[in-house]
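# Analysis of the macromolecular model
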Amino acid sequence: MMSTRTRRRHPLIRSYLRELDLALAKLPPEKAVELRQQIRAHLQDALPQRPSADEVAAVLSRLGPPAELAADAAIGAAPQPRQTVVMRRLGTRLRRARWQSWVLSVVVVLVLAAGVGRLVQFLTAPLLQPGGGYGWVYAKDFNREVDTQAGGAEQTTVPIRSGQLQGLVITITNTSDFTQTVLGLAPNSIPFGTAFARVSEPNHWIDIGGMIANARYTLPEDVPPGQFRMVEVLWRSSVCLARGAQAGIQQVQLRVRIGWLVETDTIPLFEGWYLSGPSHGPCRSRP
Amino acid sequence: VLALLELRPRFGLELVRDLAASDGLLTSDGTVYPLLNRLRDAGLVTSEWRDEEGERARRYYSITPAGRETLAAFRAEWAQFATTVGGVLNHREGDAHVAPDGGR
């Protein structure tokens with residue numbers, strides 16, 4: 001096991017991986033995730049524990065521009081037949097749609113036939129693309145995190161701070177042609193305690209060694225086409241953990257509005273985000 | 001890539017460095033990974049995660065029997081191709097029948 005935090009958190013690497021995520025958005029998801037993991041592993045192997053900016057820049061330069069990598073990965077990656085993609089997304093979205101959306105959809109179809117085309121566009125628009133977990137929100141956690149890896153799976157763990165706010169920042173990108181509005185977390189998607197989410201406004205923010213500074217967060221928040229946002233996922237930790245026990249998440253579920261539809265998008269985190277016991281003070285639930 | 005993997009399994013960066021050691025075989029390090037994935041999809045390469053003591057887990061790539069067959073076929077074709085091209089490049093004027101008037 002080996003800590004990879006310093007390398008992963010380098011601003012140049014963050015920036016490169018964000019560009020790569022954007023470039024890979026048009027590939028089939030399993031291919032995009034695989035290539036992202038390969039590039040992350042390459043960076044971990046190629047860089048020392050505490051690399052200088054010059055060392056990082058040299059390794060990234062040798063890797064090549066993200067757009068070129070994505071173009072290369074698209075060669076031979078037989079594009080899924082458009083019909084298949086459309087029907088799969090349509091099926092997924094229809095199963096997720098609330099009954100209000102059904103009624104609304106029916107009314108739209110009956111009253112305004114032209115609206116059907118628009119609806120299909122919403123139904124088949126790409127989901128928000130994940131960029132993985134960015135880092136722990138609070139310095140108390142950031143400074144005590146332990147990063148581990150086993151069997152190809154990465155995990156970052158911090159001690160639980162019972163009764164206090166803890167959280168992580170994730171990144172999302174809207175690769176569809178429509179503005180998507182993040183409404184909040186899906187109910188019960190975070191098992192650590194009462195949770196909520198906030199989305200960064202498109203203001204200037206800075207990365208200080210892996211922690212975000214100067215960002216302003218709000219909710220609901222629009223994510224226009226082609227833009228990315230950070231999402232703070234916060235919770236007041238109340239889960240009961242014995243000494244040595246851990247509870248973690250591998251994904252976050254967001255409620256998202258696109259056009260007339262409200263749906264739940266599952267955002268994979270690419271690594272496990274864990275709290276470790278023991279809990280202090282009263283706790284209410286078990287993972 | 002197949003020729004290197006024929007010798008022994010390698011992880012990504014190892015493969016990149018060995019290829020980079022041969023001038024001109026690698027335009028950028030990142031291109032190795034899409035290539036490996038295509039070879040894997042074609043059944044010529046396989047991969048597995050290995051946990052070695054004191055090291056983080058790494059994904060090692062190995063050549064498959066189908067990959068060895070493809071490599072052997074390529075070697076045979078390449079040898080033939082290299083012989084043909086070498087014959088053309090090393091062709092000397094005196095070796096051919098050329099008319100005294102230059103062929104006019």
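Described below are features of the structure shown in this document. In this text, all values refer to a predicted model and were calculated from it rather than measured experimentally.

Another aspect to go through is the nonpolar core. Grouped together as the largest cluster of nonpolar side chains are 38 residues, with contacts concentrated most on A:Ile39 and A:Leu43. Among the elements of the structure, α2 (11–24), α3 (29–46), α4 (53–63) and α5 (66–74) of chain A together with α1 (2–7), α2 (12–20), α3 (32–41) and β3 (58–63) of chain B are those that each provide at least two residues to this core. The next biggest cluster of nonpolar side chains, apart from the first, holds 28 residues, and it includes A:Val158, A:Val231, A:Val252 and A:Val256.

What follows concerns the interface of chain A and chain B. The figure often quoted for interface size is the accessible area lost as the parts come together. Each side of the interface is counted separately: chain A has 22 residues, and chain B has 22 residues. A combined buried area of about 2000 Å² lies between chain A and chain B, and 47% of that area is made up of carbon and sulfur atoms. By the criterion of area lost to chain B, the three top residues of chain A are A:Gln38, A:His42 and A:Asp45, representing 28% of everything that side buries. Between B:Arg59 and A:Glu34 there is a salt bridge; the shortest N-O distance is 2.7 Å. No other element matches α3(A), which puts 10 residues into the side of chain A that touches chain B. In terms of residue class, the side of chain A that touches chain B is made up of 10 nonpolar, 7 polar and 5 charged.

Turning our eyes to something else, we now look at the pattern of salt bridges. Should the charged atoms of two oppositely charged side chains come close, the side chains can pair. Residues and elements named next belong to chain B. Tallied over the full model, the rule gives 16 salt bridges over all chains. With its nearest N and O atoms 2.7 Å apart, the salt bridge here joins Arg 8 to Glu 14. Here Asp 18 and Arg 10 are joined by a salt bridge, their closest N and O atoms 2.6 Å apart. With relative accessibility at 26%, the residue Asp 18 sits in the partly exposed group. Classification of Arg 10 by relative accessible area gives buried; the value is 6%.

So, about α3(A). Across its 18 residues, α3(A) extends 26 Å between first and last C-alpha, which sits within 8% of the 26 Å expected from 1.5 Å per residue. α3(A) sits mainly inside the fold: 13 of its 18 residues count as buried.

Our focus in this paragraph is the packing of α3(A) against α2(B). At a minimum axis distance of 9 Å, the contact between α3(A) and α2(B) shows a crossing angle of 70°. Looking at the two axes, α3(A) sits roughly perpendicular to α2(B). Residues A:His42, A:Asp45 and A:Ala46 of α3(A) form the contact with α2(B), whose own contacting residues are B:Leu13, B:Val16 and B:Arg17. Residues of the contact of α3(A) with α2(B), tallied by class, amount to 3 nonpolar, 1 polar and 2 charged.

Quick look at the packing of aromatic side chains now. Each aromatic ring pair is summarised here by two numbers: the centre-to-centre distance and the angle between the ring planes. One pass over the full model with this rule turns up 5 aromatic pairs over all chains. Between the aromatic rings of A:Phe192 and A:Trp235, the centroid separation amounts to 4.8 Å while the plane-to-plane angle is 50°, which identifies the pairing as tilted. Here A:Phe192 is found in the loop between β5 (180–185) and β6 (193–200), whereas its partner A:Trp235 is found in strand β11 (residues 228–237), with 43 residues between them in sequence. On the numbers, 5.5 Å between centres and 75° between planes, the contact of B:Phe11 with B:Tyr60 is edge-to-face. Of this pair, B:Phe11 sits in strand β1 (residues 10–11) while B:Tyr60 sits in strand β3; the two residues are 49 residues apart in sequence, bridging distant segments of the chain. Assigned by exposure class, B:Phe11 and B:Tyr60 land together as buried. A connected cluster of aromatic rings, assembled from ring pairs, spans B:Phe74, B:Trp78 and B:Phe81. Seen from the ring of B:Tyr60, B:Arg50 lies directly overhead, with NZ or CZ sitting 4.4 Å from the centre. The lysine or arginine in question, B:Arg58, covers the ring of B:Phe11, its NZ or CZ lying 4.3 Å from the ring centre.

Residues and elements named next belong to chain A. Within strand β4 (residues 165–173), 8 of the 9 residues are buried, leaving the element largely enclosed by the surrounding structure. Strand direction decides the pairing type here: β4 and β11, joined by 9 bridges, are antiparallel. Each bridged residue has a counterpart across the sheet, and for Leu 165 the counterpart in β11 is Arg 236.

All names here are of chain A. At their nearest, the axes of α2 and α5 sit 8 Å apart, and the two run at 35° to each other. Between α2 and α5 the crossing geometry is right-handed. Here Tyr 16, Glu 19, Leu 20, Ala 23 and Leu 24 of α2 lie close against α5, whose contacting residues are Pro 66, Ala 67, Leu 69 and Ala 70. Looking at the contact of α2 with α5 residue by residue, the classes come out as 8 nonpolar, no polar and 1 charged.

Attention now moves to the side chain of A:Asp72. If you trace the backbone, A:Asp72 turns up in helix α5. Beyond its immediate stretch of four places on either side in the chain, A:Asp72 contacts B:Thr31, B:Pro34 and B:Arg38.

Bringing the pairing of strand β12 (residues 246–258) of chain A into the picture now. All names here are of chain A. By the bridge criterion, 5 bridges tie β5 to β12 in an arrangement that is antiparallel. In the strand pairing of β12, Gly 184 is matched with Arg 255. Relative to strand β13 (residues 261–276), β12 runs antiparallel, the two being bridged by 12 bridges. Bridging from a neighbouring strand, Gln 253 pairs with Thr 266 of β13.

Moving on, we come to the sheet that holds β3(B). Residues and elements named next belong to chain B. Read from one edge to the other, the open sheet built from 3 strands follows the order β1-β3-β2, with strand pairing classed as antiparallel. Across the chains shown, the open sheet's two edge strands, defined by having one partner strand only, are β1 and β2 (45–50). Across 2 bridges, the pairing between β1 and β3 is antiparallel. Across the sheet, residue Phe 11 finds its bridge partner in β3, namely Tyr 60.

Rules and cut-offs
Residues numbered from 1 in each chain as written. Chains lettered and ligands numbered in written order. Predicted model: local features only at pLDDT ≥ 70, side-chain atom pairs only at ≥ 80, totals over all residues. Heavy atoms only, no water. Core = buried A, V, L, I, M, F, W, Y, C linked by side-chain atoms within 4.5 Å. Buried < 20%, exposed > 50% of the residue type's maximum accessible area, 1.4 Å probe, protein only. Helix = DSSP H or I, 4+ residues; strand = E, 2+ residues; numbered from the N terminus. Contact = heavy atoms within 4.5 Å. Buried area = accessible area lost by both parts, 1.4 Å probe. Salt bridge = Lys/Arg side-chain N within 4 Å of Asp/Glu carboxyl O. Nonpolar A, V, L, I, M, F, W, Y, C, P; charged D, E, K, R; others polar. Expected span 1.5 Å × (residues − 1). Axes fitted to C-alpha atoms, helices over the stretch in contact; angles between N-to-C directions. Parallel < 35°, antiparallel > 145°, perpendicular 65-115°, else oblique. Phe/Tyr/Trp six-rings, centres within 6.5 Å; stacked < 30°, edge-to-face > 60°. Lys NZ or Arg CZ within 6 Å of the ring centre and 35° of its normal. Pairing = 2+ DSSP bridges. Left-handed = near helix turned anticlockwise from the far one by under 90°.

Read these as spatial facts, not as claims about activity.
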